[in-house]
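Below, each chain spelled out in residue letters.
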Amino acid sequence: GYTADNIVKEEQRLQFMKEYIRRLRLEYDDENEFISSLFSEISLIKNTSVNLAHYYSSCCGQDVFRNIFEAYENFLHQNRFIDFDDMLVFCYELLKERKDILAMWQQKFQYILIDEFQDINKVQYEIVRMLAGKGDHLFIVGDDDQSIYRFRGARPEIMLNFTRDYPGAETVLLDVNYRCSGNILKTAMNVINCNKKRFRKKLTTPNDVGMPVTCKVFDNPREEAVCVAAALKKRLEKGEKLENTAILLRTNQEAESLI
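This structure is a prediction, so every number in the text was calculated from the model and none was measured. (Residues numbered from 1 in each chain as written. Predicted model: local features only at pLDDT ≥ 70, side-chain atom pairs only at ≥ 80, totals over all residues. Heavy atoms only, no water.)

(A) Representation of the overall build of the chain. Scanning the chain for helices and strands turns up 10 helices and 2 strands. Over its C-alpha trace the chain gives a radius of gyration of 23 Å, far above what one expects of a compact globule, namely 18 Å for 259 residues. Dimensions of the chain, computed from the C-alpha atoms along their principal axes, are close to 70 × 55 × 35 Å. Looking at the 259 residues of the chain, the share that counts as buried comes to 30%. A fraction of 68% describes how many contacts in the chain between residues 6 or more apart in sequence connect residues 24 or more apart. (Helix = DSSP H or I, 4+ residues; strand = E, 2+ residues; numbered from the N terminus. Rg over C-alpha atoms; globule rule 2.2 N^0.38 Å. Buried < 20%, exposed > 50% of the residue type's maximum accessible area, 1.4 Å probe, protein only. Contact = heavy atoms within 4.5 Å.)

Written out as structure tokens, the structure is:
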């Protein structure tokens, strides 16, 4: 049996990974980004039951990745650690093998609500389906247009196919956006409408139209950073304060050229 003490701490697995990849003398631009990518791919494999022999890593060579994956698993086993992915897989296996334990947990919950359903992965969904039994007390909330974690094993098609798995499910569409200005919402919808595998929806907002959205394309990060810096300088020269300006980036690495 395991207790909470067996759950590996983030700093413990980070420490192991840092030491191990340094020992391998690998080349990478940013150590933290590289480690983050490795853990994402390790998580993907555990959550989707992908065969390691047939998996091609996007952050390093196949043999190197397999070496790192196996070393990480050995590190966990030798220390009697489990990570969050193991918790899911072990839970799935336990509920599948032990019908008595499954029945106990099914009786414990009258209703099950799941938020951010677009981020669910295969193992999580199988666990939910077992716990829900017939599924007539299952309530899910999500936005398929916000699914951005496929690289970590999230499967938005699970949400798209939900009514096929549960034909009796009622669908309620929340189509009013209270967060964005009219222009931002319109531009976002123009982008997301290019995606054909999604629930078609028309969103509206009671908010003002707001400032127009400008889209620019750059050849390289430096060119982009120079443009942003010039725009900020122009605002300063006009006497505006920069405290009410935000720059949003997809990853930390993208901030380097700007800094």
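(B) Broad picture of the side chain of Asp 85. Its place among the elements puts Asp 85 in helix α4 (residues 84–97). No salt bridge is formed by the buried Asp 85, whose closest oppositely charged neighbour, Lys 46, lies at an N-O distance of 5.3 Å. Residues within four places of Asp 85 in sequence aside, it is in contact with Ser 43, Lys 46 and Asn 47. (Lys, Arg positive; Asp, Glu negative; His and termini not counted. Salt bridge = Lys/Arg side-chain N within 4 Å of Asp/Glu carboxyl O.)

(C) Main features of the nonpolar core. In this structure, Met 17, Leu 38, Phe 65 and Tyr 72 are the most contacted members of the largest nonpolar core, which totals 23 residues. Secondary-structure elements contributing two or more residues to this core are α1 (10–24), α2 (31–48) and α3 (62–78). With residues near it in sequence (within four places) discarded, Tyr 72 still touches Arg 13, Phe 16, Met 17, Phe 39, Ile 42, Lys 46 and Asp 83. Core analysis: the next-biggest nonpolar cluster, separate from the first, contains 19 residues, Leu 95, Ile 112, Ile 127 and Phe 162 among them. (Core = buried A, V, L, I, M, F, W, Y, C linked by side-chain atoms within 4.5 Å.)

(D) Helix α10 (residues 221–237), seen in detail. Here α10 is 17 residues long and its end C-alpha atoms lie 24 Å apart, about the 24 Å a rise of 1.5 Å per residue gives. At the N-terminal end of α10, a side-chain oxygen is found 3.2 Å from the backbone nitrogen of Arg 222, two or three residues along, and the residue is Asn 220. Once α10 finishes, Gly 239 follows within two positions and takes phi at roughly 90°, a positive value. (Expected span 1.5 Å × (residues − 1). Polar contact = N/O pair within 3.5 Å; in protein donor to acceptor, adjacent residues only side chain to side chain.)

(E) View of unusual backbone geometry. A positive phi angle, near 55°, is found at Arg 25, a position not held by glycine. Along the chain, the position of Arg 25 falls in the loop between α1 and α2. Taking relative accessible area as the criterion, Arg 25 reaches 75% and is therefore assigned exposed. The backbone of Glu 116 shows a phi angle near 50°, a positive value even though the residue is not glycine. Classification of Glu 116 as partly exposed rests on a relative accessible area of 43%.

(F) Spotlight on α2. Counted at 1.5 Å a residue, the expected span for α2 with its 18 residues is 26 Å, and the 26 Å between its end C-alpha atoms agrees. Most of α2 is tucked away: 14 of the 18 residues are buried. Regarding α2, its N-cap is Asp 30, as a side-chain oxygen of that residue lies 3.0 Å from the backbone nitrogen of Asn 32 further along. Phi turns positive, to about 55°, at Ser 49, one or two residues after α2.

(G) View of the environment of Glu 223. Among the secondary structure elements, Glu 223 is positioned in helix α10. Here Glu 223 falls in the partly exposed class, since its relative accessible area comes to 34%. Sequence-wise, Glu 223 and Leu 258 are 35 residues apart; in three dimensions their C-alpha atoms are separated by 9.7 Å. Leave out the neighbours within four places in its chain, and Glu 223 touches Val 217 and Phe 218.

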